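# Architecture at a glance
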Amino acid sequence: MQHTSYIEISKSAYTKNINFLRSEVGQKTEISIVVKGNAYGHGIENIVPVAEENGIRHFSTFSADEALRVYSCSLQNSQIMIMGMLDNLDLEEILLKGISFFVFEFDRLEATIQTAKKLGLKAKIHVEVETGFHRTGFEWEDKEWLAQMLKENEAFLELKGMCTHYAGAESISNYVRVRKQIKEYKKFRKWFSDNGVKFEKYHTACSAATLSYPETIMDMVRIGIASYGLWPTMETYMYRFQSLPENNKNPLKRLISWKSSVMNTKAVHMGDFIGYGSSYMAPRDMTIALVPIGYGHGYSRLLSNQGKVLIHGKMVSVVGTVTMNSIAVDVTDLESVQKGDEVVLVGFQKENEITVASFGESTQQVNYELLTRLPQDIPRRIVE
Ligand SMILES: *Cc1c(COP(=O)(O)O)cnc(C)c1O
């Protein structure tokens with residue numbers, strides 16, 4: 001059965017991104033690839049083996065269900081870390097599989113110790129501390145009680161890491177807040193160390209922190225968006241532009257291309273309205289092409305009369321509203337567009353390109369959002 005669109009994932013682009021990131025963090029720092037949000041829309045099962053081919057042996061997920069997917073498709077027995085949601089009811093399975101996880105509150109810590117005792121093994125935990133993100137993490141006031149619990153239960157705990165997350169390292173407007181977080185983290189680190197609590201790895205940096213605040217690169221970095229070939233924001237790229245080598249000013253390569261095809265074409269007369277309502281009236285006699293992609297496939301309604309796609313290597317405009325399953329594009333100026341012709345929604349066609357970032361300009365969507373809204377049932381295929 002033919003699908004309405006396809007996503008291609010470039011292996012060679014992935015290798016370039018990992019090589020660049022390795023050169024940024026150095027050989028001693030482990031790269032954990034963040035695969036939450038179905039690997040930022042690329043598909044966990046597609047990304048994990050490709051990452052492993054590139055030497056990656058550590059993956060981070062938001063939730064336990066994602067961690068189990070990584071567990072099932074890992075071919076290299078890679079380490080897995082849950083950074084967010086893990087119900088106490090699932091602890092037993094997670095512990096038995098050797099999956100590590102963030103602990104940011106006493107309830108989870110107590111349940112973890114109980115479960116580890118019952119199973120007779122050590123739980124692999126990463127203690128998350130509050131430095132200013134104000135979502136999860138142990139408070140400074142918790143530290144004595146926390147340290148005591150960690151020490152008393154060392155037979156049941158493997159202290160894999162001490163971590164935190166920055167509140168907006170991708171924008172200079174958060175500079176003061178991020179600097180303060182770095183200081184707070186160091187304070188926690190020193191306090192635990194002075195009080196005899198040692199962690200295997202200290203890790204704080206996401207993509208933006210890694211690229212903009214080198215001192216946040218510690219024993220491990222947790223990289224999501226950059227591994228998929230996108231800068232966290234335009235600002236992060238601009239900040240780094242000068243310091244990138246002359247022969248590699250564009251070191252991150254987008255992995256995905258998103259392609260569909262023309263479903264049918266139609267002649268429209270001047271003055272006709274196209275699609276629902278009256279948002280677009282044909283200013284001349286026109287030919288439109290229908291493309292079977294709509295907001296139900298992650299193509300935002302905000303792209304009504306705004307979006308651009310590539311057909312025959314040329315940029316053409318969405319006319320009228322984006323509907324659940326289709327868009328109409330203006331192909332009046334192209335020669336003989338046929339049913340079945342390739343339509344590129346993201347990616348290259350001949351010498352033109354539609355980037356993921358360009359969606360942000362018309363919809364305020366961040367790179368992360370477009371990617372993670374791509375439905376899981378669009379077929380993805382790995383290409384060179
Ligand atoms: C999502 C996430 C990351 C990765 O962020 P990117 O900006 O995609 O690199 C790192 N750490 C935590 C805790 C996260 O939730």
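Residues numbered from 1 in each chain as written. Predicted model: local features only at pLDDT ≥ 70, side-chain atom pairs only at ≥ 80, totals over all residues. Heavy atoms only, no water.

### Describing the domain arrangement of the protein chain
What the domain assignment reports for the protein chain is domain 1 (11-241) and domain 2 (256-354). Computed from C-alpha atoms alone, the centre-to-centre distance between domain 1 and domain 2 is 41 Å. (Domains from an automatic or database assignment.)

### Examining the environment of arginine 373
Tracing the sequence through the fold places arginine 373 in the loop between helix H12 (367-372) and strand E18 (380-383). Expressed as a C-alpha distance, the spacing of arginine 373 and glycine 37, which sit 336 residues apart in the sequence, is 8.6 Å. In contact with arginine 373, other than residues within four places in its own chain, are His297, Gly298 and Gln365. (Helix = DSSP H or I, 4+ residues; strand = E, 2+ residues; numbered from the N terminus. Contact = heavy atoms within 4.5 Å.)

### Re the sheet that holds strand E6 (residues 123-128)
In spatial order, the strands read E2-E3-E4-E5-E6-E7-E8-E9; together these 8 strands close into a barrel with parallel pairing. On average, each strand axis in the sheet is inclined to that of its neighbour by 30°, with strand direction left out of account. Bridge analysis of E6 against strand E7 (residues 157-163) gives 6 bridges, and the strand direction is parallel. Opposite lysine 124, over in E7, you have glutamate 158 as the bridge partner. Across the sheet, helix H8 (residues 175-194) is in contact with E7 and strand E8 (201-205); its angle to E7 comes to roughly 150°. (Pairing = 2+ DSSP bridges. Axes fitted to C-alpha atoms, helices over the stretch in contact; angles between N-to-C directions.)

### Things to note about unusual backbone geometry
Positive phi outside glycine occurs at histidine 134, with the angle close to 55°. Position of histidine 134 among the secondary structure elements: in the loop between E6 and helix H7 (143-152). Among the residues examined, histidine 134 registers a relative accessible area of 61% and is labelled exposed. Even without glycine at this site, histidine 312 takes up a positive phi of about 55°. With respect to the secondary-structure elements, histidine 312 resides in the loop between strand E13 (308-311) and strand E14 (314-317). (Buried < 20%, exposed > 50% of the residue type's maximum accessible area, 1.4 Å probe, protein only.)

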